[in-house]
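This is what each chain is made of:
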Amino acid sequence: MPDCAKHLGNSQIHRLGERLEKIKERHEQGFLTSLEFLKQILQVATDVVEAEKETDPEEERDRAKEALTELFNEAKNKNTHIIVERIVADIDDIVRKVRFPDWQHTSQGERLVQKELRRTLLNNKLHTDQELFDKAYGYIRQYY
């Protein structure tokens, strides 16, 4: 969880940490497929970004680059497929490559990010999973 010690008094961040821990446990026990694990990590990452924006918007946005990667690194285990790690890295990398200030407020910016995300999912043969696309795009849109 991103800098939990800093947010000890924030019950929302604490709940998200507990949620991440449950996802990690379920993944370790084999109850989550790699794809479901990725989707749930994306959802937690989106929720963390929202919670941190409410805590200290400017500082957290600057510090919190690559929240998805940070959460993934905390939750992965020896059974986590390497493909999931690559997709996580690619999702965080998309934004570094293609975003520009206020890209979310232009159709060109949104199309560019969506195109790169679709390409990433296609490269990993996951382009037909609309739920995965929606979760990844929602994370990118909110976070960056």
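Check the entry above for the structure.
(A) Representation of the overall build of the chain in the model. When helices and strands are tallied, the chain shows seven helices and zero strands. For the chain, the N- to C-terminal ordering of α and β elements is α-α-α-α-α-α-α. In the chain, which comprises 144 residues, the share counted as buried stands at 42%. Here the contacts in the chain between residues at least 6 apart in sequence split such that 69% fall between residues at least 24 apart. Of the accessible surface of the chain, which amounts to about 7,900 Å², a share of 49% is contributed by carbon and sulfur atoms.

(B) Quick peek at the pattern of salt bridges. By the definition in use, this model includes six salt bridges. With a shortest N-O distance of 2.8 Å, Arg19 and Asp47 are connected by a salt bridge. Here Asp47 lies in helix H2 (residues 34-55) and Arg19 lies in helix H1 (residues 11-28), a separation of 28 residues in the sequence. Between Lys76 and Glu85 there is a salt bridge, with its nearest N and O atoms 3.4 Å apart. Judged by relative accessible area, which is 32%, Lys76 ranks as partly exposed. Glu85 sits in the partly exposed class, given a relative accessible area of 30%. Residues participating in the shared-partner salt-bridge network are Lys39, Asp129 and Glu131.

(C) Region of the structure containing the environment of Leu35. Secondary-structure assignment places Leu35 in helix H2. Each C-alpha atom, one on Leu35 and one on Asp129, is 9.6 Å from the other, the two residues being 94 residues apart in sequence. Contact partners of Leu35, with chain neighbours within four places excluded, come to Leu126, Asp129 and Leu132.

(D) Molecular detail of the environment of Phe72. Tracing the sequence through the fold places Phe72 in helix H4 (residues 67-75). Placed 52 residues apart in sequence, Phe72 and Leu20 show a C-alpha to C-alpha distance of 9.4 Å. Once residues within four sequence positions are removed from consideration, Phe72 is found in contact with Phe37, Ile41, Thr80, Val84, Glu85 and Val88.

(E) A look at helix H6 (residues 107-123). Look at H6: 24 Å from first C-alpha to last across 17 residues, which is about the 24 Å you get at 1.5 Å a residue. Regarding H6, the residues found buried are Gly109, Val113, Leu117, Thr120 and Leu121. The buried residues of H6 occupy an angular sector of 100° when the element is viewed end-on, so they sit on one face. Facing away from the buried side of H6, by more than 90 degrees, are the exposed residues Gln108, Arg111, Lys115 and Asn123. At its buried positions, H6 is contacted by helix H5 (82-98) and helix H7 (130-143). A positive phi of about 60° marks Lys125, the residue just after H6.

What counts, and where the lines are drawn
- What you see as residue numbers is a count from 1 along each chain, following the sequence as written.
- In view of the model being predicted, local features appear only for residues whose pLDDT reaches at least 70, and side-chain atom pairs are presented and counted only at 80 or more, with totals across whole chains, interfaces and linings using the full set of residues.
- Note that water and hydrogens are dropped before the side-chain values are worked out from all heavy atoms of the structure.
- The way it works is that DSSP assigns letters per residue, a run of H or I at least four long becomes a helix, a run of E at least two long becomes a strand, and they are numbered from the N terminus.
- Relative accessibility decides the category of a residue: with a 1.4 Å probe and only protein chains considered, values under 20% of the type maximum give buried, values over 50% give exposed, and everything between is partly exposed.
- Throughout, a contact is declared for two residues whenever any of their heavy atoms are within 4.5 Å.
- Every accessible area reported is derived by Shrake-Rupley at a probe size of 1.4 Å, with residue values counting cover from the shown protein chains alone.
- Just to be clear on terms, a salt bridge is a Lys or Arg side-chain nitrogen sitting within 4 Å of an Asp or Glu carboxyl oxygen.
- Here, expected helix span is obtained from the residue count minus one, scaled by 1.5 Å.
- To obtain the arc, one takes the directions from the helix axis to the C-beta atoms.

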